[in-house]
Each structure stands twice: as C-alpha cells, then as structure tokens.
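Here is how the chains run, residue by residue.
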Amino acid sequence: MTEAEAKARQAADSPAMDKLARVGLVCRGVLYGLIGVLAVQIAFGDGGREADKNGAISTVASLPFGAVILWIMVVGFAALTLWQASEAIFGAHGLKDRVEPAGRVAVYVFVCSTLLTMLLTHKTASDDQRTQDLTGKLLELPAGQVIVGAIGLGVVALGVYWVRYGVKKEFRKELRPMPRRAGSVMDRLGLAGYLARGLIAGLAGVFVVQAAVTFDPDKAGGIDATLRAFADTPAGPWLLAVVALGLLLFAGYCFGEARWRRT
C-alpha cells in the first residue's frame, strides 16, 4: 500500500468520518421517511408532491431553516459516499464486496447532486422524468432495446435480492452486537423495509422492461410512478399504504443503523 493509500485508509477509518457517516444514515432515514409520508398522502387522495427523492427534498426545502437542513444532508450524504467508496476500495474481498458499496456510491452521488441542485437553483427534475429521459437516450443507441431490457431485468433482480436480503435478515451482518430488545426491533424494521424496497424495485424494473419491449421511454418511471402503480392494482390504495408503511419502517431502520451500524 502506498503512502497516499495509507493516508486515505486512515482518513476513512477516522472517528470524524465515523460520526459523519452516522449523520448520513440519519439523513437517509429522513429521506425515506418523507417518501413514505408522501406515499401515504397519495394513497389517501392527497398527491400534490411526487413520492420520490425530489418530493422529499422539496418538502424539506419548504420547512423553516430548510436550507440549513439540506446543507446538513449534503454533508451527510457526502460522508456516506466517501465511506462506501472506501469500502469498495479497501474493504472488499471479492467482486460482490465491491459491487454493493459501488452501487451505493452511485446512489449517494445522485442524492448529493439533487440536494445541491435544489439549494443552488431551487428546482429539480422528478425521478420519473430523469428515468424517462435516460431510457429514451439509451433506446436511441444501437441495440438500445437490449440494453434497456437488460437494465430492467437487473432492477427486477435487485428487487428480488432485497426481498431475500430482508427475509433472510442478512442485514444483521452489517450491525454491531446489540441488546436483545434492540436486535428484535431492528429485525422487524429491516424485514419490513427491505420487503418494501424490493417490491418497489421489482415493479420499477418491470416498467423498464416494458419500455424496452414497446420502444416507449414513457413506460419507464421512477419511485413516484412505481408507488402510484400500486394504487392502481385491485387492492387499490391499501396496497400503496402498506408499501408506504414499509418505507416508514425502513426509515426507522436507518435511524437504528446510525446507532448500531458497523463502519
């Protein structure tokens, strides 16, 4: 390991980075909690804002001292980005160990960019619009339908993985030893949260596959379009309400992670 790599590893393992990463986990919980609240509002007829990261960030921006909270979230998600990047570089022992943190890095960079766009321009594009724009550009490429179809199947696979991850309670390996009562609560929160995330990812992936098959980028959608689709099932808004509750419980899991996560 070179001297630069050693210093980077030392910075990643520092107490300051540990505290900032835990602030980031709290911010992550706030984001999921707000998406869950917005989804509940959609389920019961008040869908004024998109139930996605953009809608959640817009909600924060409208609060008193909203800009201050958003800047704190920028710092928190930036810390999560650096932490997961260090995990991908220094903490990985195989391809899977690198892929998971690398994927999280991409998500956290996206959230940071959305937060900064809101702070600097006071407006952001919805997840749905971004997904459709990206899908349209990919469809224009040679073999674009194959590429988009493969991405859709990958998102479906991610949804199945999250469901399995929750059912098998594999998230326990990321948590430090904790009191039995706290462990029981985290098990329930993690199970419900990952089931909800898996269902959302699975349905979103199906939409992307439909976009590939029909060569229509408007078939694709982000979190908001996917959540609204749950309300269009025979179960009606109650299925969306259940999924929204899962997101709220996942927010609780994120808050617990801020206390018990191994960093």
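Up top is the structure.
Throughout what follows, the structure given in this document is the object of discussion. (Residues numbered from 1 in each chain as written. Predicted model: local features only at pLDDT ≥ 70, side-chain atom pairs only at ≥ 80, totals over all residues. Heavy atoms only, no water.)

## Quick look at the environment of Met73
- Note on placement: Met73 falls in helix 4 (residues 66-90).
- Assessed through its relative accessible area of 2%, Met73 is described here as buried.
- Measuring from C-alpha to C-alpha, the distance between Met73 and Tyr165 comes to 27 Å, with 92 residues separating the pair along the chain.
- The residues contacting Met73, other than those within four sequence positions of it, are Cys27, Leu31, Val60 and Leu115. (Helix = DSSP H or I, 4+ residues; strand = E, 2+ residues; numbered from the N terminus. Buried < 20%, exposed > 50% of the residue type's maximum accessible area, 1.4 Å probe, protein only. Contact = heavy atoms within 4.5 Å.)

## Describing a nonpolar patch on the surface
- A cluster of nonpolar residues, Val23, Phe65, Val68 and Ile72, forms a patch on the protein surface that exposes about 390 Å² of accessible area.
- By the element assignment, Phe65 lies in the loop between helix 3 (53-61) and helix 4.
- Residue classification places Phe65 among the exposed residues on the basis of a relative accessible area of 68%. (Patch = residues over 30% accessible without salt bridge, like charges linked within 9 Å, V, L, I, M, F, W, Y side chains within 5 Å. Areas by Shrake-Rupley, 256 points an atom, 1.4 Å probe, with all protein chains shown as cover. Salt bridge = Lys/Arg side-chain N within 4 Å of Asp/Glu carboxyl O.)

## Let's talk about the packing of aromatic side chains
- Summed over the entire model, instances satisfying the criterion amount to 11 aromatic pairs.
- Look at Tyr194 and Phe250: their rings are 5.3 Å apart centre to centre, the planes differ by 80°, and that puts the pair in the edge-to-face class. Of the two residues, Tyr194 sits in helix 8 (residues 180-214) while Phe250 sits in helix 10 (residues 237-260), which places them 56 residues apart along the sequence. Residue Tyr194 shares its accessibility class with Phe250, and that shared class is buried. (Phe/Tyr/Trp six-rings, centres within 6.5 Å; stacked < 30°, edge-to-face > 60°.)

## With respect to the pattern of salt bridges
- Inspection of every chain in the model, using the stated rule, returns nine salt bridges.
- Residues Glu174 and Arg104 are paired through a salt bridge, measuring 3.2 Å at the closest nitrogen-oxygen approach. One end of the pair, Glu174, is in the loop between helix 7 (144-167) and helix 8; the other, Arg104, is in helix 5 (residues 95-121), with 70 residues separating them in the sequence.
- Since its relative accessible area comes to 11%, Glu174 is described here as buried.
- Linked through salt bridges whose partners overlap, the residues forming this network are Arg28, Glu100, Arg104, Glu174, Glu257 and Arg261.

## Focus on the environment of Gly76
- Here Gly76 is to be found in helix 4.
- A relative accessible area of 0% means that Gly76 is categorised as buried.
- Distance in space between the C-alpha atoms of Gly76 and Leu20 is 6.0 Å, their sequence separation being 56 residues.
- Here Gly76 is in contact with Leu20, Val23, Gly24 and Cys27, once residues within four sequence places are set aside.

## Structural notes on the environment of Val105
- Mapped onto the fold, Val105 is located in helix 5.
- When its relative accessible area of 18% is taken as the criterion, Val105 is described as buried.
- The sequence separation of Val105 and Gly193 amounts to 88 residues, and the corresponding C-alpha distance is 20 Å.
- Residues in contact with Val105, not counting those within four places in the same chain, are Thr81, Gln84 and Ala85.

## Looking at the packing of helix 2 (residues 15-43) against helix 10
- The N-to-C vectors of helix 2 and helix 10 enclose an angle of 165°; their axes lie 8 Å apart at closest approach. Regarding the angle of helix 2 to helix 10, the classification is roughly antiparallel. Regarding helix 2 and helix 10, the two cross each other, and that crossing is left-handed.
- Its residues assigned to classes, the contact of helix 2 with helix 10 comprises 22 nonpolar, three polar and four charged. (Axes fitted to C-alpha atoms, helices over the stretch in contact; angles between N-to-C directions. Parallel < 35°, antiparallel > 145°, perpendicular 65-115°, else oblique. Left-handed = near helix turned anticlockwise from the far one by under 90°. Nonpolar A, V, L, I, M, F, W, Y, C, P; charged D, E, K, R; others polar.)

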